[in-house]
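# Results of the structural survey
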Amino acid sequence: MDTVKNTTLAALRNFFLARSGEELNAACITLANHNGKTKDLGDMDWEEAEFAFNKLFVGPMALQAPPYASYYIEAEPQLMGESTLKVRRLYDMAGLVSPLQGHLPDDHLGVELDAALGLLSMAEHLDAEEPSALWHYFLHEHLQTWLPQFLNQARNAETGHPAVDLALDHLEAWFNDQETKQEGFDQ
Amino acid sequence: MTQWKKNEIEKAMDCPMTRRRFMKWLTAAGVATAMPCSFLRSQAASAAGIVYEGGYETFRNACPRNCYDSCGIVTYVKDGVAQFVEGAPESTFTNGGLCVKGHSYIRQQYSPDRIKYPMIQQGRGSGNWKRISWEEAMTRISEKLIEINEKDGSMLGLALTKYSGNFGITNYGVEGMFSSLGYTTRMVGTPCWPAGIDAQNYDMGNMWCNDPEDMVNARYIILWGVNPAWCSVHTMKYIYEAKKRGAKVLCIDPVLTQTAAKADEYWQTKTSEDGALALGMARHILDKGLVDQDWVANNSVGFNEFADYLRKEVTVEWAAEKSGVPADRITQVAEEFATNNPATIWIGYGMQRHVNGGASVRAIDALVAMTGNVGKVGGGARYGHLMTWGFNYHAMIQQTPKGAKGYLGPAAKGEFDFTKKADGPSYSNRTFNINKTARELLNATDPPVRALWVSCKNPLSQDFDRNKLVEAFKKMEMVVVVDQFFNQTVEQADIVLPVTTLFEEWTVNVGYWHYWLSINEQSVKPLHEAKSNIEIAAALSKKMNELKPGSCTFPTDTDTKEWMSKEFNKGIYDLFGLNSWEDLKKGMHKAKTNLLPWADGKFGTPSGKYEFKSDLCSKHGFNALPRYVEGRKPYDKLRLLTPHTKFGLHSQFINLDWMEDFNPQPYVYMNPGTARSRNIAEGDMVIVKNKTGKVTIAASLTDNVPMDAVLMYEAWFKNNDYNCQNLVDDTSADMGGYKAGAPGVAIHSQFADVVKA
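Residues numbered from 1 in each chain as written. Chains lettered and ligands numbered in written order. Predicted model: local features only at pLDDT ≥ 70, side-chain atom pairs only at ≥ 80, totals over all residues.

### Points about the overall build of chain A
- Within chain A, the secondary structure is distributed over eight helices and one strand.
- Helices (α) and strands (β) of chain A occur, in sequence order from the N terminus, as α-α-α-α-α-β-α-α-α.
- What you see for chain A is a C-alpha radius of gyration of 16 Å, in line with the 16 Å of a compact globule of 187 residues.
- Along the longest, intermediate and shortest principal axes, the C-alpha atoms of chain A span 45 × 40 × 30 Å.
- Within the span of chain A, comprising 187 residues, buried residues form 52% of the whole.
- For chain A, restricting intrachain contacts to residue pairs at least 6 apart in sequence, the fraction spanning at least 24 positions comes to 59%. (Helix = DSSP H or I, 4+ residues; strand = E, 2+ residues; numbered from the N terminus. Rg over C-alpha atoms; globule rule 2.2 N^0.38 Å. Buried ≥ 20, exposed ≤ 12 C-beta atoms within 10 Å, placed from the backbone. Contact = placed C-beta atoms within 7 Å.)

### Here we look at the sheet that holds strand β8 (residues 185-188) of chain B
All names here are of chain B.
- Here we have eight strands laid out as an open sheet, ordered β6-β5-β18-β17-β16-β7-β8-β15, and mixed in their pairing. Each of the sheet's edge strands pairs with one partner strand only, and the pair in question is β6 (129-131) and β15 (430-433). Taking the axes of each pair of neighbouring strands and ignoring which way they run, one obtains an average angle of 20° across the sheet.
- In the sheet, strand β5 (residues 119-121) pairs with β6 via three bridges, with the strands oriented antiparallel. Note on β6: the bridge partner recorded for I120 is K130.
- Against the sheet, helix α6 (residues 173-181) makes contact with β7 (158-162), β8 and β16 (451-455), and its axis sits at roughly 170° relative to β7, the strand it touches most. (Pairing = 2+ DSSP bridges. Axes fitted to C-alpha atoms, helices over the stretch in contact; angles between N-to-C directions.)

### What to know about unusual backbone geometry
- The peptide bond linking A:G59 to A:P60 adopts the cis configuration, its omega dihedral lying at 5°.
- Mapped onto the secondary structure, A:P60 falls in the loop between α3 (46-58) and α4 (69-73).
- The peptide bond linking B:N341 to B:P342 adopts the cis configuration, its omega dihedral lying at 0°.
- Positive phi, close to 70°, is recorded for B:S272, a residue that is not glycine.
- Assignment of secondary structure puts B:S272 in the loop between β11 (265-267) and α11 (274-287).
- Exposure remark for B:S272: the 27 C-beta atoms within 10 Å place this residue in the buried category.
- The residue B:W598 is not glycine, and still its phi comes out positive at about 60°.
- Of note, B:W598 is situated in the loop between β21 (589-590) and β22 (610-611).

### Points about the interface of chain B and chain A
- On the chain A side, the residues contacting the 56 residues of chain B number 60 residues.
- Looking at the side of chain B that touches chain A residue by residue, the class counts come to 32 nonpolar, eleven polar and 13 charged.
- As paired elements, strand β1 (residues 96-97) of chain A and strand β1 (residues 41-42) of chain B share two bridges and run antiparallel to each other. Paired with A:L96 across the two strands is B:S42, which belongs to β1(B). (Nonpolar A, V, L, I, M, F, W, Y, C, P; charged D, E, K, R; others polar.)

### Quick word on the sheet that holds strand β19 (residues 507-510) of chain B
Residue and element names in this part refer to chain B.
- One open sheet holds the three strands; their spatial order is β19-β20-β21, and the pairing between them is antiparallel. Of all strands in the sheet, those bounded by a partner on one side alone are β19 and β21.
- Here four bridges tie β19 to strand β20 (residues 516-520), and the two strands are oriented antiparallel to one another. Each bridged residue has a counterpart across the sheet, and for V510 the counterpart in β20 is L517.

### What about the domain arrangement of chain B?
Residue and element names in this part refer to chain B.
- When its domains are assigned, chain B resolves into domain 1 (6-47), domain 2 (57-109), domain 3 (119-192 + 394-516 + 525-590), domain 4 (194-386 + 614-619) and domain 5 (638-756).
- The gap between the C-alpha centroids of domain 3 and domain 4 is 37 Å.
- Taken together, the contact between domain 3 and domain 4 spans eight residues of the former and nine residues of the latter.
- In terms of residue class, the side of domain 3 that touches domain 4 is made up of four nonpolar, three polar and one charged. (Domains from an automatic or database assignment.)

### Considerations on the environment of B:D708
Residues and elements named next belong to chain B.
- Considering the arrangement of structural elements, one finds D708 in the loop between β26 (694-701) and β27 (709-711).
- Taking the C-beta count within 10 Å as the criterion, D708 has 17 such neighbours and is therefore assigned partly exposed.
- Setting aside residues no more than four positions away along its own chain, D708 makes contact with L638 and R639.

### Here we look at the environment of B:I146
Residues and elements named next belong to chain B.
- The topology assignment puts I146 in helix α5 (residues 134-152).
- Here the alpha-carbon distance between I146 and F93, two residues 53 residues apart in the chain, equals 48 Å.
- Excluding residues that lie within four positions of it along the chain, I146 makes contacts with L547, K548 and S551.

### What to know about the packing of helix α2 (residues 21-32) of chain A against helix α8 (residues 162-181) of chain A
Residue and element names in this part refer to chain A.
- In contact at an axis separation of 10 Å, α2 and α8 are set at 50° when each is read in the N-to-C sense. One element, α2, and the other, α8, form an angle in the oblique class. For the crossing formed where α2 meets α8, the hand is left-handed. Note on element contacts: α8 touches α2 through A163, L166, A167 and H170, opposite L24, C28, L31 and A32. (Parallel < 35°, antiparallel > 145°, perpendicular 65-115°, else oblique. Left-handed = near helix turned anticlockwise from the far one by under 90°.)

Encoded structure:
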């Protein structure tokens, strides 16, 4: 895994786990400097970005684009569904565990991006086939089942902001890149 | 490409044995190498095996909503996630069942819409929210409270509005938190049932109902202004069983409810004429010589005066004209009621939400008493009870800080306030009528209310004269709302704090209708950053003392299980036959005594008898006898009724997806005749308006609603600004100030007109 992608992925994770406008700002600076190209963030209003981010992904109002996989995967949208527990077990198989297990759903987008970082790194650095297999599974059998829907819902939401668009663009690009690069399982 | 196939990975995910085999690489590869994860943690391979193979852990929960049924719940948990719920099987009342609301609790718990974090709004109603830590939330609130104290020399500028959103006993820790801060301003009273509480206190000396399970023994049942088919589903089985054994069931209601549809006879009465109807029946019973003379002679006072009043001022024809029920039905049912012993009347809360509500309840009580049906199994004037609520109120009873100054006038106490006034301090809290919250907040001076704390309540959906309440909120310097979902009150908050659900905290619950007791175990970890009300109080106390030592006495430990255990005492143990609260882990317990009120003929009134004539009632400014009192004079063309919906409890549940499937939007329900004269068709958008405000809403036509009324269910919808309180003013019911702290509110003594939008 090259360092640039690693940095972008980490910035996306930081973006979706952000707790404040400052944290969104920091993540966006990294994203804007993606791949050697620098995008000018201009006079972005980070307070407005925070308000928009919260309307879409945090609350307290009903979320416009819930960043939880089970919301999209379960037959009836909910958090902590069976699909969330499958993700938890997948982390477990990679030797990973959420420190906020039981509080923050394991399939929150930010957590899943963190898991992606870990799996990709393990697949690259460790002398074992299992991490690569897990990453394949995570990408094709899990992320693929909800990330496109999430991107669609977030882009078509009532609320938008250039900072959010930046993150969604990068998320989509990263995901498409992975999808193209990684062949699926033999069915 | 890896040798591991998709199906093998899936097998490992599902099967613990395969998973362990899969995970051998973890030890071999030495994962503790540089990991780019900053959130997820590495764990030892040996620890990676928490596994359930089809098995569930079960926990005891209790529905803490403001409902007759207060169901015990068994919660099935797997992998730390609540999977489904069932009614407690050992409770003969619940009998393993729940209602449509109870079954939706998992949808509430795991709704993506829950409030997840403490948040602060930049401009009330703006929708611009920032996430803050609990630490920061507590700092901001504490600084404001300290500022108030310094400015006013007391904490009276801090007001609490809290009622029935969560009846778990430890949630009285919110009141405890307020006491621990000093003498504050409290909204006291209840919008629910105060007129009836006082009426029963004047008549019998307490509000105390028969065990609902004994209704199977009734030979005649009148369901008067109550809709158990929606609002107390578990009681229906006793009514059905009584019917099976030969009882006749009469339902009296202005609206043809599901309960009415299941009764043998239904009377669509004119709203708020219940007193006239009861008195007309009483007159006929008197005329026919069907009074239970022995019971009356041995157990009551004032019957002769009551009989004189009936003979002089009440006729069956008059009652028929007032109530709209034909005279021959009144006489026949009166005779049936008096001769089929035991006979019982279930007095609903809806029928006493009137300017004459207390007087009507007294008339109905008299009807039950004069036929000798008080104090009998299968009999009774059933309204509610608080006989099982004798907890320690440990969380509620907190000392004010040393030197705290407060209010010097008299303070009112709510019906759930079981505390005794301590000797000594002359200061008290400042109490305001909860049913007039808007005007009380607007008019408060010396000091004004500066900060409002809302917990277990959604005032902007439930409190009256909503437009005025919006103005009152604007006057507040700080509004803190503790809730689970973003409702119309949270919308007007500065700070919102996420509170735990029933699955996430320890507490204990009893009912005000049945006689069962349940503990509520913490079954899962609090999702997101939710805290229980006790934990919030502890966090606030910690911060207050950090910023100003000695400013808050609330303990800073937060073991909610320990707090729950401190609510128990010998009285509760003896009443329920418990050795320890731990016995409740195996299931609910029912009270061993108190199930049959007034059986010994010793009443709680000043005379010790049933008082057809109550001097106390007269002293409090009402009639000594249960005389007829006129309802509110109509001020618009149609009666406006705003009762409970099937799909929610007050403003709770309606926002959940399962409820939205069946009840996606609000309607005003109208009789087709009423609609026709206004050129309104099914589904038309209409404006319901009166002197208080207006609501734009779709019309639904049904002849379940009488011609002279329109009906809208009280509700809060997630995606709709519907609010029936735009139309309901804060006119008081007659009674309630004696035992409930403030008079009730005349929720159904309201009028409006409808025009096509």
